[in-house]
Amino acid sequence: MNPVDFVTDLLNPDLAFLPKALAVAVMSSVVCGVVGTHVVLRGMAFIGDAVAHAVFPGLAVAFVLSGNLVLGGTVAGVLTAVLVAVFAQNRRLKEDSVIGVFFVAAFALGIVIISRAPGYAGSLQQFLFGSIAGIPDRDVWVVGITGAAVVAAVLLLNKELVTVSLDRESARAMGLAVFRLDLVLYVLVTLAVVISVQTIGNILVLALLVTPAATARLLTDRLGVMMALAPTIGALSALVGLYLSWSWDLPTGGTIVLVLTAAFLLAWVFSPRRGMLAQAVAGRRRGGAADVSPPAHRPVAAGAAR
């Protein structure tokens, strides 16, 4: 399928689910790109995968009760994030250990809950791998409003979040409420994950959080540019991924992740300053400069001196 046919299908009233899928995929990718910048900056990629586990019981409860999945996942994720933030203050345990305990327990609880629902296997597959084609109209609005609120919160607290990420002790000395900012970041990550679950599923949602931001990190050293590049990369990858999945009848979530990974690999190789090719060229130039240095600057062997 060529791009013109894809645009025609987007405008086809009989395929109303397709533009909704594109809208949710792009919005989710933008939100995850913005939040993921701080996730990568802190080196806490594990948190994205853990939050995806944490929201699962809320999604399961909402599904069983025919409630709103976004609301259910948010409540579960926020409660678990609060528990992690509280227990992580005890420095006898590292944060990743506390995360591992509570988030995996939450995922196990979600499996137990959803196993009580009719059509257990199909429901579980939907949650784990996403179901972008079946997104109801109301969820498109929920994703849009929630995503706008998350992006606004990140921009409003960007300076404080960056300060805590770079040096927690200095942030405390400056009078910043480090615990509250940690909690806010956990909640923002939770919301970003929840609105992305329907697009890409629990298993693959980490890619939306980490891969666009990691790709942007390879392309720039400036945080502001990185925060603009990450959602752009995520949104374009979502568009290309949906196009490829629709053209070749591929799983949408997996295709989007593969496109994101391809973008990361391209940046890894061809980035003007950080790429492998650029580093190889710079290394050769340094080696060449050493080889052509004037003879007077080279050490003279003892035999030659005579």
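Calculation criteria
- Residues numbered from 1 in each chain as written.
- Predicted model: local features only at pLDDT ≥ 70, side-chain atom pairs only at ≥ 80, totals over all residues.
- Heavy atoms only, no water.
- Helix = DSSP H or I, 4+ residues; strand = E, 2+ residues; numbered from the N terminus.
- Buried < 20%, exposed > 50% of the residue type's maximum accessible area, 1.4 Å probe, protein only.
- Contact = heavy atoms within 4.5 Å.
- Areas by Shrake-Rupley, 256 points an atom, 1.4 Å probe, with all protein chains shown as cover.
- Phe/Tyr/Trp six-rings, centres within 6.5 Å; stacked < 30°, edge-to-face > 60°.
- Core = buried A, V, L, I, M, F, W, Y, C linked by side-chain atoms within 4.5 Å.
- Salt bridge = Lys/Arg side-chain N within 4 Å of Asp/Glu carboxyl O.
- Polar contact = N/O pair within 3.5 Å; in protein donor to acceptor, adjacent residues only side chain to side chain.
- Axes fitted to C-alpha atoms, helices over the stretch in contact; angles between N-to-C directions.
- Parallel < 35°, antiparallel > 145°, perpendicular 65-115°, else oblique.
- Nonpolar A, V, L, I, M, F, W, Y, C, P; charged D, E, K, R; others polar.
- Left-handed = near helix turned anticlockwise from the far one by under 90°.
- pLDDT = per-residue confidence, 0-100.

> Honestly, the overall build of the chain in this entry has me stumped. Any pointers?
For the chain, the helix and strand inventory stands at 15 helices and zero strands. By the burial criterion, 43% of the 306 residues in the chain qualify as buried. For the chain, long-range pairs separated by at least 24 residues make up 71% of all intrachain contacts whose partners lie at least 6 apart in sequence. Carbon and sulfur atoms make up 68% of the accessible area of the chain, which amounts to about 15,600 Å² in all.

> Hey, could you run me through the packing of aromatic side chains in this one?
In this description, an aromatic ring pair is defined by two values, namely the gap between the centres and the angle between the planes. For the structure on display, the rule yields three aromatic pairs. With a centroid separation of 5.3 Å and 70° between ring planes, the pair formed by F6 and Y243 is classed as edge-to-face. Linking F6 in helix α1 (residues 3–10) with Y243 in helix α12 (residues 223–248), this pair joins segments that are 237 residues apart in sequence. Assigned by exposure class, F6 and Y243 land together as buried. Plain terms: the ring middles of F264 and W268 are 5.9 Å apart, the flat faces sit at 40° to each other, and that makes the pair tilted. Taken together, the positions of F264 and W268, both in helix α13 (residues 252–270) and four residues apart, correspond to about one turn of that helix. Residue classification places F264 among the partly exposed positions, given a relative accessible area of 23%. Classification of W268 by relative accessible area gives partly exposed; the value is 42%.

> Can you help me understand the side chain of T190 in this one?
Inspection of the secondary structure puts T190 in helix α11 (residues 178–219). Not counting residues within four places of it along the chain, the set of residues in contact with T190 comprises V51, V55, G73, T74, G77, V78 and A81.

> Is there a simple way to think about the nonpolar core in this case?
Nonpolar side chains in soluble globular proteins tend to be buried together. Ranked by size, the top nonpolar core spans 56 residues in total, and within it V35, I47, F103, V189, V193 and L209 carry the most contacts. Broken down by element, the residue count for this core peaks at 18 residues, all from α11. Among residues more than four places away in sequence, those in contact with F103 are I47, A50, V51, H53, A54, T80, A81 and V84. Formed by seven residues, the second largest nonpolar core is a distinct cluster that contains L10, L18, A21 and Y243.

> Is there a simple way to explain the pattern of salt bridges in this structure?
Two side chains of opposite charge can pair, provided their charged atoms sit close to one another. Taken as a whole and assessed by the stated rule, the structure comprises four salt bridges. For the salt bridge of D182 with R42, the shortest nitrogen-to-oxygen distance reads 2.9 Å. Of this pair, D182 sits in helix α11 while R42 sits in helix α2 (residues 17–42), and the two are 140 residues apart along the sequence. Note that R217 and D221 form a salt bridge whose closest N and O atoms lie 3.4 Å from each other. Judged by its relative accessible area of 40%, D221 is partly exposed.

> Would you explain the side chain of S29 in this entry?
Mapped onto the secondary structure, S29 falls in helix α2. A polar contact of 2.7 Å, which involves the side chain of S29, links it to the backbone oxygen of A25. The contact partners of S29, leaving out residues within four places of it in the chain, are L208, P231, G234, A235 and A238.

> Would you explain the packing of α1 against α12 in this entry?
Think of two packed helices as two axes; the pair is described by the angle between the axes and how far apart they sit. At a minimum axis distance of 11 Å, the contact between α1 and α12 shows a crossing angle of 95°. One way to sum up the angle between α1 and α12 is to call them roughly perpendicular. Here P3, F6 and D9 of α1 come into contact with α12, specifically with L239, L242, Y243 and W246. Its residues assigned to classes, the contact of α1 with α12 shows six nonpolar, no polar and one charged.

> For this particular structure, what's the right way to read unusual backbone geometry?
Glycine aside, residues mostly have negative phi, and peptide bonds are mostly found in the trans state. The phi torsion at D249 lies on the positive side, around 55°, for a residue other than glycine. Position of D249 relative to the elements: it lies in the loop between α12 and α13. Exposure remark for D249: the relative accessible area of 71% places this residue in the exposed category.

> Is there a simple way to explain the packing of α12 against α13 in this structure?
For the pair α12 and α13, interaxial distance at closest approach is 8 Å and the crossing angle is 130°. Classified by the angle their axes make, α12 and α13 are oblique. Once α12 is placed against α13, the crossing between them reads as right-handed. Contacts between α12 and α13 pair I233, G234, S237, A238, V240, G241, L242, L244 and S245 from the former with T252, T255, I256, V259, L260 and A263 from the latter.

> I tried to follow the confidence of the model for the chain on my own but got confused; where do I start?
Low-confidence regions, as indicated by low pLDDT, have predicted coordinates that should not be scrutinised in detail. Chain-level pLDDT for the chain is 81 on average; 84% of the residues reach the 70-or-more range. When the elements of the chain are averaged for pLDDT, helix α15 (residues 302–305) gives the smallest value, 43, and α12 the largest, 93. For residues 296–306, every residue scores under 50 in pLDDT, and the model assigns this stretch four contacts once sequence neighbours within four places are set aside.

> Explain the environment of L15 here, please?
Its place among the elements puts L15 in the loop between α1 and α2. A relative accessible area of 17% places L15 in the buried class. When sequence neighbours within four positions are dropped, the list of residues in contact with L15 reads D9 and W246.

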